[in-house]
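# Working through the structure, step by step
For reference, the chains in residue letters:
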Amino acid sequence: MPEHQYFVTINNTNKVAIEPGVSTISDVILVLTLELNVAVAINDKIVGHRLWPTTVLAGGEQLSIFGAIAGG
Amino acid sequence: MSQLPSDEFIRYSRQIMLENWNESGQIRLSSANVVVIGCGGLGNIAASLLAGAGVGQLTLIDEDVVELSNLPRQLAFDTADIENAKVFALANRLREQNDKLSVSPVAERFSTDNAQKLLSGADLVLDCSDNFTTRFCINHACISAQISLISASVIGWQGQLMLVAPGEHDAGCYQCLFQPTNDESPSCKTAGVSGAAVAIVGGYQANEAIRHLLGHVSELARSVMLIDTLTLNNQLLERTKDQSCIICSHHRSISHA
């Protein structure tokens, strides 16, 4: 991996490259082509949908992304 | 001198001896009224554990009938119950389990039309339903009525669990976490489910209900628990209120209402 690249870790497994100080949660969701009915936590704290476009990532964060499930 | 009748004291003795339970907690359970919405896998497990623990009154809500494919995980039903209404089959089973229990079966779909009537007098609601429309409706109804809600869901090997308590205003509600969509959600019917995973998640839900009724402070009132019964990895994520949430942003804590 080139040294100048920055990543966030998704669900403790996959890494997604980001541009630190520029990329937002919305960008990550877009890259992953996820449905909007998911929740996102940074370092175990949920970030509400409304804040996704303005929450800028620095690199190195642990993102937890999970979809709602409805089964009973 | 025990305040409970001797047969009840003996019946519940193993839990009364717990430090955080005590006889006073048992009396509190016996006067509690819990509404269980959805009588599939989670509802079967949770309602059975609450009935066994001595919760005084249960209201069971579900419009479905028992199907053959339910039997591996809906343990209160057997083959003779197939095509019978789930709420009546479950109510009968729970009465056999605990003759002190008052149980009210309601063979209806929970909706905005009947929500106020069905939640009247409830101390706690358990969401054990199987679709998003009902889940968002339950959340809205509980916020409006300022009743605590324990929402559990399960599919495959995974579960999710959270407590929406009126006193935890800053943690928000179910709709602060998930946005309503028109998408068809995967169901146990389409995506499959492990019966043992259902029992684990339903057990967690019942445990949380009992702790809540006993007055314990719970981390789940401020977080959502992701349960993975395949990897055995559970995760607690801290929730936060969406200040623009159309459901809960106008409600303050129940203690300030």
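Shown above is the structure to which this text applies.
I will try to describe carefully the structure that is included in this document.

What counts and what doesn't
Residues numbered from 1 in each chain as written. Chains lettered and ligands numbered in written order. Predicted model: local features only at pLDDT ≥ 70, side-chain atom pairs only at ≥ 80, totals over all residues. Heavy atoms only, no water. Helix = DSSP H or I, 4+ residues; strand = E, 2+ residues; numbered from the N terminus. Buried < 20%, exposed > 50% of the residue type's maximum accessible area, 1.4 Å probe, protein only. Areas by Shrake-Rupley, 256 points an atom, 1.4 Å probe, with all protein chains shown as cover. 1 Å grid on protein atoms, 1.4 Å probe; cavity = no way out; pocket = protein on both sides within 12 Å on 5 of 7 lines; lining within 4 Å. Points joined across faces, edges and corners; volume = space filled by probe spheres on them. Contact = heavy atoms within 4.5 Å. Buried area = accessible area lost by both parts, 1.4 Å probe. Salt bridge = Lys/Arg side-chain N within 4 Å of Asp/Glu carboxyl O. Nonpolar A, V, L, I, M, F, W, Y, C, P; charged D, E, K, R; others polar. Expected span 1.5 Å × (residues − 1).

If you tally the helices and strands in chain A, you get one helix and five strands. Counted from the first residue to the last, chain A has its helices and strands arranged as β-β-α-β-β-β. Each of the three principal axes of chain A carries a C-alpha extent, and together these read 45 × 25 × 20 Å. Counting the 72 residues in chain A, one finds 46% classified as buried. Accessible surface for chain A amounts to roughly 3,900 Å². Of this, 55% is attributable to carbon and sulfur atoms.

Take the layout of surface pockets next. Over the atoms a probe the size of a water molecule is rolled, and this reveals where empty space is left. Reported here for the largest pocket is a volume of approximately 740 Å³. Around the largest pocket, the lining comprises 32 residues; the ones closest to its centre are Ile-65, Phe-66 and Gly-67 of chain A together with Gln-158 and Gln-160 of chain B. Counting residues per element, the ones that place at least two in the lining of the largest pocket are strand E5 (62-67) of chain A together with strand E6 (158-164), strand E7 (223-228) and strand E8 (233-238) of chain B. Broken down by element, the lining of the largest pocket gets its largest block of residues, six residues, from E5 of chain A.

So, on to the interface of chain A and chain B. With 19 residues of chain A at the contact, the number on the chain B side is 37 residues. Interface area for chain A against chain B, summed over the two sides, is near 2,100 Å², with a carbon-plus-sulfur share of 58%. It is Ile-69, Ala-70 and Gly-72 of chain A in chain A that bury the most area against chain B; as a group they hold 31% of the surface buried on that side. Our count for the contact surface shared by chain A and chain B stands at one salt bridge. Its salt-bridge partner being Asp-242 of chain B, residue Arg-50 of chain A comes within 3.2 Å of it at the nearest N-O pair. Elements with a minimum of two residues in the side of chain A that touches chain B: strand E3 (38-42), strand E4 (45-47) and E5 of chain A. Class assignment for the residues of the side of chain A that touches chain B results in eight nonpolar, seven polar and four charged.

Attention shifts here to empty space enclosed by the protein. All names here are of chain B. By the definition in use, this model includes two cavities of 30 Å³ or more. Every residue along the wall of the second largest cavity is listed here: Ser-151, Ala-152, Ser-153, Gln-160, Leu-161, Met-162, Tyr-174, Phe-178 and Val-224. Counting residues per element, the ones that place at least two in the lining of the second largest cavity are strand E5 (148-155) and E6. When grouped by side-chain class, the residues that make up the lining of the second largest cavity number six nonpolar, three polar and no charged.

A few words now on helix H4 (residues 41-53) of chain B. All names here are of chain B. Across its 13 residues, H4 extends 19 Å between first and last C-alpha, which sits within 8% of the 18 Å expected from 1.5 Å per residue. Across the 13 residues that make up H4, a large majority, eleven, are buried. One or two steps after H4, the chain reaches Gly-54, where phi turns positive at roughly 100°.

This part is about the pattern of salt bridges. Any two side chains of opposite charge can pair if their charged atoms end up close together. Residue and element names in this part refer to chain B. Applying the stated criterion to the full structure yields seven salt bridges over all chains. Measuring nitrogen to oxygen at the nearest pair gives 3.1 Å for the salt bridge that ties Asp-7 to Lys-100. Taken as a pair, Asp-7 in helix H1 (residues 6-11) and Lys-100 in the loop between helix H5 (86-97) and strand E3 (102-106) lie far apart in primary sequence, 93 residues in all. For Lys-100, a relative accessible area of 44% gives the class partly exposed. Glu-208 is the partner of Arg-211 in a salt bridge, and the nearest nitrogen-oxygen pair spans 3.0 Å. With Arg-211 and Glu-208 both in helix H10 (residues 195-214) and three residues apart, the pair spans about one turn of that helix. You can call Arg-211 partly exposed: its relative accessible area is 25%. On the accessibility criterion, Glu-208 (4% relative accessible area) is buried.

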